[in-house]
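Residues per chain are reported as follows:
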There are 2 protein chains.
Amino acid sequence: MRIDELYVGQSSSLSKRFTLEDVKAFARLSQDNNPVHLDKEYAENSVFHQRIVHGFLTGSLLSAIIGTQLPGNGSIYLGQTLNFRKPVYHDQLITATVTVMEIRKDKPIVKLSTVCKNEQDEVVIDGEAIVKLI
Amino acid sequence: MRIDELYVGQSSSLSKRFTLEDVKAFARLSQDNNPVHLDKEYAENSVFHQRIVHGFLTGSLLSAIIGTQLPGNGSIYLGQTLNFRKPVYHDQLITATVTVMEIRKDKPIVKLSTVCKNEQDEVVIDGEAIVKLI
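Remember, it's a predicted structure, so these values are computed and weren't measured experimentally.

## Quick look at the sheet that holds strand β4 (residues 109–117) of chain B
Thinking step 1. Read across the sheet, 10 strands follow the order β1(A)-β3(A)-β4(A)-β5(A)-β2(A)-β2(B)-β5(B)-β4(B)-β3(B)-β1(B) without closing on themselves; strand pairing throughout is antiparallel. Each end of this open sheet is capped by a strand with a single partner; those strands are β1 (11–17) of chain A together with β1 (11–17) of chain B. In this sheet, neighbouring strand axes are inclined to one another by 20° on average, regardless of whether the strands run parallel or antiparallel.
Thinking step 2. Across nine bridges, strand β4 (residues 109–117) of chain A lies against strand β5 (residues 123–133) of chain A in antiparallel orientation. Residue pairing for β5 of chain A: Leu112 of chain A is matched across the bridge by Ala129 of chain A.
Thinking step 3. Running at roughly 50° to strand β3 (residues 93–103) of chain B, helix α4 (residues 55–68) of chain B makes contact with β2 (75–84) of chain A together with β1, β2 (75–84), β3, β4 and β5 (123–133) of chain B of the sheet.

Set out below in structure tokens:
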């Protein structure tokens, strides 16, 4: 999108269930083999009580929205803050939502609210993104 | 690690070259199919002049260090800020480094500096992580 196609309050969402296979693939890619993501018995004896999805994998849905939907093509990702509020378990349906918060007048830069929720409508990740448009 | 095994200035690093296959795998996982990551011709005509690695994929090296090395097992990831300073191209050697900045006295919570550099020693991502230890 071009900057003049954006308005404050505009939003876009994307949902996904991250499976054990997804978590294994991400562990290989990132080299993050922490057993809390992969080892059933270890995870059951952890504070999480079951295996969790990597925070960066859940958060990647936000990057997908920014890269493909809002603002989509032409976006240059300048920054992202991520607060990991609650664990995400395998196979939970996660919905990521990106909302335009501010559009700068002086430069083609926007601030976006970035939130991921679980099926219970609980926030699992929140934060903000800064994106430049070309 | 336990909190009493950590000290300010302690650091740990991890390096990786992200290949086209890695980028394709991450695009499938995240659904971030922005052509600047995948389409050679599109990327050559973009401001980046060649295909780039997803910021979240490069940043995942930081998560790998935190989840497996420093502090490693027992870490609960509370937050992460990411500033995407420079593009990362396919097959560039990226070195991520996590350094202990602050250890709270009242709670088992640490603040970590998180930096990714390319082979030219240029910062491509910087930011901070907040991690709780159990």
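## A word on the interface of chain B and chain A
Thinking step 1. Taken together, the 40 residues of chain B in the interface contact 40 residues of chain A.
Thinking step 2. Between chain B and chain A the total buried area reaches about 3,200 Å² when both faces are included, carbon and sulfur atoms providing 61% of it.
Thinking step 3. Broken down residue by residue, the surface that chain B buries against chain A is led by Leu29, Gln31 and Phe56 of chain B, which jointly contribute 23%.
Thinking step 4. In this assembly, chain B and chain A are joined by zero salt bridges.
Thinking step 5. Here chain B and chain A share 10 residue pairs in polar contact (both at pLDDT 80 or more) between them.

Definitions and cut-offs
- Residues numbered from 1 in each chain as written.
- Chains lettered and ligands numbered in written order.
- Predicted model: local features only at pLDDT ≥ 70, side-chain atom pairs only at ≥ 80, totals over all residues.
- Heavy atoms only, no water.
- Pairing = 2+ DSSP bridges.
- Helix = DSSP H or I, 4+ residues; strand = E, 2+ residues; numbered from the N terminus.
- Axes fitted to C-alpha atoms, helices over the stretch in contact; angles between N-to-C directions.
- Contact = heavy atoms within 4.5 Å.
- Buried area = accessible area lost by both parts, 1.4 Å probe.
- Salt bridge = Lys/Arg side-chain N within 4 Å of Asp/Glu carboxyl O.
- Polar contact = N/O pair within 3.5 Å; in protein donor to acceptor, adjacent residues only side chain to side chain.

Purely geometric numbers; function is a separate question.
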